[in-house]
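Now for the letters of each chain:
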Amino acid sequence: MKTSRFLLRGFKRPREVASEALGKLERAVLNKAWERDEVSVRDIYLAFGENIAYTTLMTTLDRLFKKNILTRRKDGRAFLYAPAVSPDEFEQGIREDVIEGLLGHGPDVQPVLACIVDTVSERDRELLDELDRLIKEKRKELNQVN
């Protein structure tokens, strides 16, 4: 695999963004939530073998709720949390955020698109064909909507 020519301070590669989208504990708690339909703070506390402070887990679940990754509903005095997205939807959302960050909304999108095409074609001509197929598919889809 080709490595980047530059090491830019402050710039993160897409895989780094994906791995850092959540903190380690947030990711671990989310994984536990994905294993079940609905969890309470106590469920997560027990799942971690009571090795992490209850209040830390409560805060972590609340943060995941505020990030719209978990939903919650009141059950007596406690909250029950459920995943708002599947693992695949979560990863797709991160990819979309990375692309949105690259493209932005300004007039300078052309160089970024050209760079994507150049990078794809350098790695594999089949990927370039796949990119072309996806573009044609999207155009057809957009034309059917209009």
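No experiment lies behind these values; they were computed from the predicted model shown.

1. Quick look at the pattern of salt bridges
Under the criterion given, the structure shown has nine salt bridges. For Lys67, the salt bridge identified is with Glu26, shortest N-O distance 2.9 Å. In this pair, Lys67 is assigned in the loop between helix H4 (54-66) and strand S1 (70-75) and Glu26 in helix H2 (residues 24-35), connecting sequence segments 41 residues apart. Among the residues examined, Lys67 registers a relative accessible area of 42% and is labelled partly exposed. Its salt-bridge partner being Arg133, residue Glu130 comes within 2.7 Å of it at the nearest N-O pair. Taken as a pair, Glu130 and Arg133 lie in helix H7 (residues 125-145) at a separation of three residues, close to a single helical turn. Using a relative accessible area of 32% as the deciding quantity, one classes Glu130 as partly exposed. Through salt bridges with shared partners, one network takes in Asp62, Lys66 and Arg72.

2. Notes on the nonpolar core
Counting residues in hydrophobic clusters, the biggest one holds 18 residues, and the most contacted among them are Val29, Ile44, Leu57, Leu61, Leu64 and Leu70. Of all the secondary structure elements, the ones that give two or more residues to this core are H2, helix H3 (41-47), H4 and helix H5 (87-103). Ignoring sequence-local partners within four residues, the contact set of Ile44 consists of Val29, Lys32, Ala33, Val39, Leu57 and Leu61.

3. Looking at unusual backbone geometry
Of note in the backbone geometry, Glu50 takes a positive phi value of approximately 55° without being a glycine. On the secondary structure map, Glu50 appears in the loop between H3 and H4. On the basis of relative accessibility, which here comes to 46%, the residue Glu50 falls in the partly exposed class. Even without being a glycine, Asn68 presents a positive backbone phi close to 65°. One can find Asn68 in the loop between H4 and S1.

What counts, and at which threshold
- Residues numbered from 1 in each chain as written.
- Predicted model: local features only at pLDDT ≥ 70, side-chain atom pairs only at ≥ 80, totals over all residues.
- Heavy atoms only, no water.
- Salt bridge = Lys/Arg side-chain N within 4 Å of Asp/Glu carboxyl O.
- Helix = DSSP H or I, 4+ residues; strand = E, 2+ residues; numbered from the N terminus.
- Buried < 20%, exposed > 50% of the residue type's maximum accessible area, 1.4 Å probe, protein only.
- Core = buried A, V, L, I, M, F, W, Y, C linked by side-chain atoms within 4.5 Å.
- Contact = heavy atoms within 4.5 Å.

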